[in-house]
Amino acid sequence: MTIYAAHVVDTPGDPFTGDPAAALAEDGALLVRDGVIRARGSLAALRAAHPDEPVTRLDGGLLVPGFVDTHVHFPQIRAIGGMGLPLLDWLERYALPEESKLAEQAYARAVAAEFLDGLVASGTTSALVFGSHFAPAMDELFAAAGQRGLNITSGLVLSDRELRPDLLTSPETALAESADLILRWHDRGRLRYAVTPRFSLSTSDEMLDACAQLLGKDVWFTSHLNENLAEIATVTRLFPGSQHYLDTYCKHGLVTARSVFAHNVHPDDAELTLLAEHGASIAHCPSSNGALGSGLFPLRRHVEHGVRVALGTDVGAGSGPFLPKEALQAYFMQQLLGPAGLSLTPVHLLYLATRAGARAIGLEDRVGDLAVGKDFDAVWLRPTGNSTLAVNLRHARDTTDALARIFALATPADVAGVWLRGDAVAGPGPR
Ligand SMILES: [Zn+2]
């Protein structure tokens with residue numbers, strides 16, 4: 001057992017359904033045994049109750065829950081920074097040529113290690129990962145994630161039209177390869193499987209039917225939705241009988257409480273109603289939306305319809321795996337929307353980067369906050385020396401203000417420690 005003495009801050013409440021200030025909680029210490037939080041309170045109280053336990057002091061900064069990224073592409077970690085193109089041109093020019101390289105297993109192994117190490121260094125401890133088009137590359141990702149102890153949900157990406165030929169497969173092969181991956185990786189430790197058609201633009205009705213057959217195995221589902229106007233126009237042309245983009249998935253039974261759709265920048269009200277009815281979640285990826293010029297995410301309409309929203313970095317269209325930066329971009333986007341936007345507080349930002357993601361991917365009983373009984377997946381954010389963030393934290397009026405300074409200024413260099421189920425995988429060390 002270890003007592004961690006730290007400024008513990010999390011959001012066990014939901015700031016979107018009540019007073020944001022009431023969603024925040026803070027304490028001075030956690031007692032951790034076998035990777036699980038057993039007690040929480042003031043340092044004095046925990047020491048009095050457990051006088052023989054060693055104390056690890058995490059002085060300065062904040063100890064927050066590990067971040068939860070609900071949309072990030074593992075094969076694109078080497079393809080960040082492609083500027084100046086909208087979605088479909090960006091895919092063709094930057095993303096898909098890189099994804100093709102993962103056909104070679106040794107290449108995929110190296111990329112998987114770089115990708116997962118990037119998540120850990122950014123304080124991300126759980127992620128819904130958009131996979132590769134190649135099954136051996138998925139074996140590499142799952143094996144490497146299992147070794148590191150990360151909470152990873154991912155799956156083979158499926159397409160049978162519109163993309164470059166080397167990324168296409170048939171529904172029959174997709175079924176066989178996916179079923180095999182599910183058998184070997186789903187529910188193994190902290191790994192789970194997600195059926196992953198790239199987007200309905202690149203998947204026929206036959207392929208989406210195959211996806212529905214795989215869902216019967218109690219796995220997760222993820223794809224893209226309403227990202228860009230040219231994409232939506234193409235989907236409308238390819239599915240002339242569908243009422244809207246979401247219907248292309250819905251008519252195959254692919255919209256459920258285990259479904260997470262990335263983007264949804266341009267939904268109509270009927271789609272928002274359906275998403276809420278089925279309990280599906282949206283992964284909001286503001287950096288990517290800005291980089292590709294996709295649009296300003298209508299968060300207020302999602303919240304008003306009761307649709308769950310979490311954050312995704314959408315690497316490589318997004319600008320890196322550090323989720324607090326994504327939360328800051330979400331804040332910027334809502335400010336730019338003016339009266340149509342939903343002005344986000346620092347408490348909203350912490351919630352979006354942690355508990356909202358855990359809820360979206362069904363892990364809220366295990367991670368997303370630092371309550372007693374949860375896994376000790378945590379990030380210690382403590383700035384170096386006299387950095388601008390350090391200066392600002394010294395002048396923060398209260399915890400919420402400190403959170404605001406962190407979301408405005410923190411970078412991966414401020415990640416002083418990361419724990420996965422109690423194991424320190426980065427830091428902590430004196431600076
Ligand atoms: Zn994406």
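Residues numbered from 1 in each chain as written. Predicted model: local features only at pLDDT ≥ 70, side-chain atom pairs only at ≥ 80, totals over all residues. Heavy atoms only, no water.

S.K.: Would you mind going over the overall build of the chain with me for this structure?
M.R.: Along the backbone of the chain there are 17 helices and 17 strands. The C-alpha radius of gyration computed for the chain amounts to 21 Å, which stays within 12% of the reference 22 Å derived for 431 residues, consistent with globular compactness. For the chain, the C-alpha atoms occupy an extent of roughly 65 × 50 × 35 Å along the three principal directions. Taking all 431 residues of the chain together, 58% fall into the buried category. Considering only residue pairs separated by 6 or more positions, the chain has 74% of its internal contacts joining residues 24 or more positions apart. Accessible surface, the chain as shown: approximately 15,500 Å² in total, 52% of it carbon and sulfur. Taken together, the 35 basic and 49 acidic charged side chains of the chain have centroids lying 6 Å from each other. (Helix = DSSP H or I, 4+ residues; strand = E, 2+ residues; numbered from the N terminus. Rg over C-alpha atoms; globule rule 2.2 N^0.38 Å. Buried < 20%, exposed > 50% of the residue type's maximum accessible area, 1.4 Å probe, protein only. Contact = heavy atoms within 4.5 Å. Areas by Shrake-Rupley, 256 points an atom, 1.4 Å probe, with all protein chains shown as cover. Lys, Arg positive; Asp, Glu negative; His and termini not counted. Charge placed at Lys NZ, Arg CZ, Asp CG, Glu CD.)

S.K.: Got a minute to help me understand the coordination of the zinc ion in this structure?
M.R.: A metal bound by six donors in octahedral fashion has ideal angles of 90 or 180 degrees, whereas one bound by four tetrahedral donors has an ideal angle of 109.5 degrees. The coordination sphere of the zinc ion, as far as protein atoms go, consists of H71 (NE2), H73 (NE2), H224 (NE2) and D314 (OD), spread over 2.0 to 2.5 Å. Angles of 88 to 172° at the metal separate the 4 donor atoms of the zinc ion, which places the site in the irregular class. Within one chain, the residues serving as donors to the zinc ion are arranged as H-x1-H-x150-H-x89-D. In this pair, H71 is assigned in strand β6 (residues 67-73) and D314 in the loop between β14 (308-311) and α13 (323-336), connecting sequence segments 243 residues apart. Residue classification places D314 among the buried positions, given a relative accessible area of 3%. (Donors = N, O, S within 2.8 Å, 3.2 Å for Na, K, Ca; no water. Tetrahedral: all angles 85-135°; square planar, octahedral: opposite > 155°, others 65-115°.)

S.K.: When you look at the pairing of strand β15 (residues 378-381) in this model, what are you seeing that I'm missing?
M.R.: Looking down a regular strand, the side chains alternate between one sheet face and the other. Alternating positions in β15 separate into two faces, A378 and W380 on one and V379 and L381 on the other, with burial throughout. In the sheet, strand β5 (residues 62-65) pairs with β15 via 4 bridges, with the strands oriented antiparallel. Following the sheet pairing, P65 is matched in β15 by A378. Of the strand pairs in this sheet, β15 and strand β16 (residues 415-420) are connected by 4 bridges, and their pairing is antiparallel. Looking across to β16, one finds that V379 is bridged to V418. (Pairing = 2+ DSSP bridges.)

S.K.: I keep staring at the side chain of H252 and nothing clicks. Help me out?
M.R.: Looking at the element boundaries, H252 is found in the loop between α9 (245-250) and β12 (259-263). Excluding residues that lie within four positions of it along the chain, H252 makes contacts with D205, L208, D209 and A212.

S.K.: I'm lost on helix α3 (residues 87-100) in this one. Help?
M.R.: Residues lying three or four places apart along an α-helix face the same way, a consequence of the helix completing one turn every 3.6 residues. In α3, a bend of some 35° at R93 exceeds every other bend along the element, and P97, a proline, comes one to four places later. Among all positions of α3, only L87, W90, L91, A95, L96, E98, E99 and S100 are buried. (Bend = angle between axes of the 7 residues up to and from the residue.)

S.K.: Teacher, can you tell me more about the packing of helix α6 (residues 171-185) against helix α7 (residues 205-215) here?
M.R.: For any two helices packed against each other, the geometry is given by the interaxial angle and the distance between the axes. Where α6 meets α7, the closest approach of the two axes is 9 Å, and the angle between their N-to-C directions is 25°. Taken together, the axes of α6 and α7 are roughly parallel relative to one another. Along this stretch, α6 crosses α7, giving a crossing that reads as right-handed. Residue-level contacts link P171, A174, L175, S178, A179 and I182 of α6 to E206, M207, A210, Q213 and L214 of α7. Across the contact of α6 with α7, the residue classes break down as 8 nonpolar, 2 polar and 1 charged. (Axes fitted to C-alpha atoms, helices over the stretch in contact; angles between N-to-C directions. Parallel < 35°, antiparallel > 145°, perpendicular 65-115°, else oblique. Left-handed = near helix turned anticlockwise from the far one by under 90°. Nonpolar A, V, L, I, M, F, W, Y, C, P; charged D, E, K, R; others polar.)

Just geometry here; none of it tells us what the structure is for.
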